[in-house]
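Per-entry structural report
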Amino acid sequence: MNTDIHALIHQFLQEQAVIPLIPPEGADVSDNSISELHHQKAGMLPFIREEGEFYFYLMKPTAARPGMAPPKWQLCKGTRMYKSNASGKWKDMRPGEHPDNAEIEMLAATALREGHEELGLLPQSISKLFDVGTYRFSSAQTGQDKHMWMFAAEVPERDVFLPASHVAATTADRRWLSIDEFKVVGRDDHLYILDSIQSKLTSVY
């Protein structure tokens with residue numbers, strides 16, 4: 001993990017409140033009954049409102065292998081990390097792994113780091129950060145169901161992101177899309193997530 005962005009994220013989370021938009025504890029929503037501790041994935045969804053409509057900043061990954069069909073547009077997401085006691089370095093958490101006595105990333109920190117790496121989003125560009133809860137999705141490699149905890153970040157204007165040269169090589173492209181546009185070009189198992197998040201955001205705007 002880049003030490004500078006980790007420090008920026010830590011400072012941001014100390015200064016900026018994360019606004020919860022998830023069902024209250026005890027609500028009958030199965031996905032959100034899964035503990036944050038058991039989540040290995042988190043994602044970031046930047047958004048902007050223009051003339052009353054939501055637009056979301058999404059990414060298209062590079063193809064995993066040459067000759068494969070290009071991936072569809074999708075939500076930015078990534079793997080939670082922990083700081084190894086042995087080496088002092090940050091490492092990805094493997095599925096089912098719960099390192100003892102190690103510093104584990106907060107899910108909001110994972111989402112902010114992935115937003116920076118895959119989208120070029122800097123914490124200081126965020127006007128408001130919302131916790132929108134956990135969602136199921138299908139692994140692109142195995143097809144198995146997984147969960148990711150999502151955060152939505154309001155930004156003041158479209159052009160607040162770092163140039164493509166500062167974004168991870170695993171990101172092939174980035175684009176603003178409305179939900180209707182995403183229905184045409186987006187990843188099928190991410191559509192219901194985008195629709196749900198837009199509904200939650202609509203409740204406060």
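Quick caveat, the model's predicted, so the values are computed rather than measured.

**Quick word on the overall build of the protein chain**
- Helix and strand content of the protein chain: four helices and ten strands.
- Counting from the amino terminus, the protein chain carries its helices and strands in the arrangement α-β-β-β-β-β-β-β-α-β-β-β-α-α.
- Every one of the 205 residues in the protein chain was classed for burial, and the buried ones make up 47%.
- Of the contacts made within the protein chain by residues no fewer than 6 positions apart, 71% connect residues no fewer than 24 positions apart.
- With the model as given, the accessible surface of the protein chain reaches about 10,800 Å², and the carbon-plus-sulfur share is 48%.

**With respect to the packing of aromatic side chains**
- Counted under the stated rule, the structure contains ten aromatic pairs.
- Ring geometry for F54 and F56: centres 6.2 Å apart, planes at 10°, overall stacked. Judged on exposure class, the residue F54 and its partner F56 are both buried.
- On the numbers, 5.9 Å between centres and 70° between planes, the contact of Y135 with Y192 is edge-to-face. Here Y135, found in strand 8 (residues 128-138), pairs with Y192, found in helix 4 (residues 188-202); they are 57 residues apart in sequence, far enough to count as distant.
- Taking relative accessible area as the criterion, Y192 reaches 38% and is therefore assigned partly exposed.
- Feature note: the residues F47, F54, F56, F130 and Y205 constitute an aromatic cluster, connected by ring pairs.

**Some words on the side chain of H190**
- By the element assignment, H190 lies in helix 4.
- For H190, the residues in contact, after removing those within four places along its chain, are Q74, L75, K77, F137, M148 and F182.

**Remarks on the pattern of salt bridges**
- Under the criterion given, the structure shown has seven salt bridges.
- Here E114 makes a salt bridge to R113, at a shortest N to O gap of 3.0 Å. The pair E114 / R113 is uniform in exposure class, with both members buried.
- Here K183 ties to D180 by a salt bridge, and the two come within 3.6 Å at their closest N and O atoms. Residue K183 and its partner D180 are both found in helix 3 (residues 179-185); the two are separated by three residues, about one turn of the helix.
- Bridged by salt links that share partners, the residues E105, R113, E114 and E117 form one connected network.

**Section: the nonpolar core**
- In terms of nonpolar packing, the biggest core is built from 29 residues, with L13, M44, L112, L129 and F151 touching the most fellow members.
- The leading source of residues in this core is helix 2 (residues 107-119), at six residues.
- When near neighbours in sequence (up to four residues on either side) are disregarded, L112 contacts I9, F12, L13, M44, I126 and L129.

**Quick word on unusual backbone geometry**
- Its identity as a non-glycine residue notwithstanding, E51 has a phi of 50°, on the positive side.
- Relative to the elements of secondary structure, E51 occurs in the loop between strand 2 (41-50) and strand 3 (53-61).
- Classification of E51 by relative accessible area gives exposed; the value is 87%.

**A closer look at the sheet that holds strand 5 (residues 81-83)**
- Here three strands make up an open sheet; going across it, the order is 6-5-7 and the pairing antiparallel. At either margin of the open sheet sits one strand with a lone partner, and together these are strand 6 (90-92) and strand 7 (103-104).
- Looking at chain direction, strand 5 and strand 7 are connected through two bridges and run antiparallel. Following the sheet pairing, K83 is matched in strand 7 by E103.

**Some points on helix 2**
- Taking 1.5 Å of rise per residue, the 13 residues of helix 2 would be expected to cover 18 Å, and the 17 Å separating its terminal C-alpha atoms lies within 8% of that figure.
- Counting buried residues in helix 2 gives twelve out of 13 residues, a clear majority hidden from the surface.
- Residues of helix 2 that are buried include every one of L107, A108, A109, T110, A111, L112, R113, E114, G115, H116, E118 and L119, and no others.
- One or two positions beyond helix 2, positive phi appears at G120, with a value near 80°.

Cut-offs applied
Residues numbered from 1 in each chain as written. Predicted model: local features only at pLDDT ≥ 70, side-chain atom pairs only at ≥ 80, totals over all residues. Heavy atoms only, no water. Helix = DSSP H or I, 4+ residues; strand = E, 2+ residues; numbered from the N terminus. Buried < 20%, exposed > 50% of the residue type's maximum accessible area, 1.4 Å probe, protein only. Contact = heavy atoms within 4.5 Å. Areas by Shrake-Rupley, 256 points an atom, 1.4 Å probe, with all protein chains shown as cover. Phe/Tyr/Trp six-rings, centres within 6.5 Å; stacked < 30°, edge-to-face > 60°. Salt bridge = Lys/Arg side-chain N within 4 Å of Asp/Glu carboxyl O. Core = buried A, V, L, I, M, F, W, Y, C linked by side-chain atoms within 4.5 Å. Pairing = 2+ DSSP bridges. Expected span 1.5 Å × (residues − 1).

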